[in-house]
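# Working through the structure, step by step
Each chain, written out:
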Amino acid sequence: MSTAPPLIQRPLSSYRGRFAPSPSGLLHFGSLVTALASYLDAKHQNGTWLVRIEDIDPPREQQGAATEILKTLEAYGMFWDEDVLYQSQQTALYNDVLSYLAKQKLSYRCRCTRADIKALGGIYQGHCKHLAVSEKNSAIRLLNSNVVVQYHDIIQGNVHCDQALAAEDFTIFRKDGLFAYQLAVVIDDIYQGISHIIRGCDLLEPTARQLSFFQIINAQSPQYGHVPLVVTKQGYKLSKQNKALAIDINNPQSSLIQALDFLGQSPPSELVTSSVENIMQWAIKHWSIDKVTKTTQIMLTNVK
Ligand SMILES: [Zn+2]
């Protein structure tokens, strides 16, 4: 029996970044900021930039959103270097990894309900670890044998996570039969040889889990950088769930300048009358990740 994980990681010797939206809605200003940061960081370092559509949660998806997201990225001057990867086409690989983890006793099935876990304080305590649950409609959890509580973030510096949360045996396959985000994202980051992940601060805590996962399956982990979240005057994060307005596909210039400003890049004001191509050329050349504010969220009063 082979003990090697069923996926081969390419050496992380060159810069490979990615933007990985879920097609649950159109791109809003918050997603523009993260797409732009990952794109500029990759291009400034002559790296490869990839787009991955995280379409493994059909009930939350919006028909046609994936196509619209790609069209918007192009209109904003962000062109990907390899074929777009759709997670819905990675099912065989995810299943191979799940089988491998089960064989290596690195995972176990769990029949606890959300209410059970909530009653015990909200963090899973490993109740099913030794119960040999076999029901098909149960979740699968990763045996978190390599807990990561702190890590270095390219933008935020040292990040410390909640110990109990970081140590949780988290879900990698859902009770409802869908692959969990943590499984798909880590497997695809390995599969695509991603070396740098620039994304929003809503993923600061999940990063600790993902770093544990990389170590558990003996893969080299990428470097992470988390940009501040865009929050509204009322303190809400812009998200597809709270129906943040889509960015205008027909007038990219002003949103691009606003996003560059948000990222601390101080674009010259006359750039707003320039073409998208010129704006992006300026932005790639002048990109400095050190100028991104080391804070987890920034309120924008003028974001529509
Ligand atoms: Zn359980």
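Predicted model, so just to flag it, every value in this text is computed and none were measured. (Residues numbered from 1 in each chain as written. Predicted model: local features only at pLDDT ≥ 70, side-chain atom pairs only at ≥ 80, totals over all residues. Heavy atoms only, no water.)

Let's shift gears to the environment of Leu 203. Topologically, Leu 203 is positioned in the loop between strand 9 (196–200) and helix 7 (204–216). Linking Leu 203 and Ile 56, residues 147 residues apart in sequence, is a C-alpha distance of 18 Å. Not counting residues within four places of it along the chain, the set of residues in contact with Leu 203 comprises Tyr 181 and His 226. (Helix = DSSP H or I, 4+ residues; strand = E, 2+ residues; numbered from the N terminus. Contact = heavy atoms within 4.5 Å.)

Below, the discussion takes up the sheet that holds strand 4 (residues 107–110). What the three strands build is an open sheet, ordered 4-5-8; its pairing is antiparallel. Two strands bound the open sheet, and with one partner strand each, they are strand 4 and strand 8 (171–173). Mean inter-strand twist for the sheet, computed between neighbouring axes without regard to direction, equals 40 degrees. Contacts from helix 3 (residues 91–103) reach strand 4, strand 5 (139–142) and strand 8, with the element oriented near 125 degrees to strand 8. (Pairing = 2+ DSSP bridges. Axes fitted to C-alpha atoms, helices over the stretch in contact; angles between N-to-C directions.)

A word on the pattern of salt bridges. Inspection of every chain in the model, using the stated rule, returns 11 salt bridges. In this structure, Arg 209 and Glu 168 form a salt bridge, with 2.4 Å as the shortest nitrogen-oxygen distance. Separated by 41 residues along the polypeptide, Arg 209 in helix 7 and Glu 168 in the loop between helix 5 (163–167) and strand 8 bring together distant segments of the chain. Classification of Arg 209 by relative accessible area gives buried; the value is 12%. (Salt bridge = Lys/Arg side-chain N within 4 Å of Asp/Glu carboxyl O. Buried < 20%, exposed > 50% of the residue type's maximum accessible area, 1.4 Å probe, protein only.)

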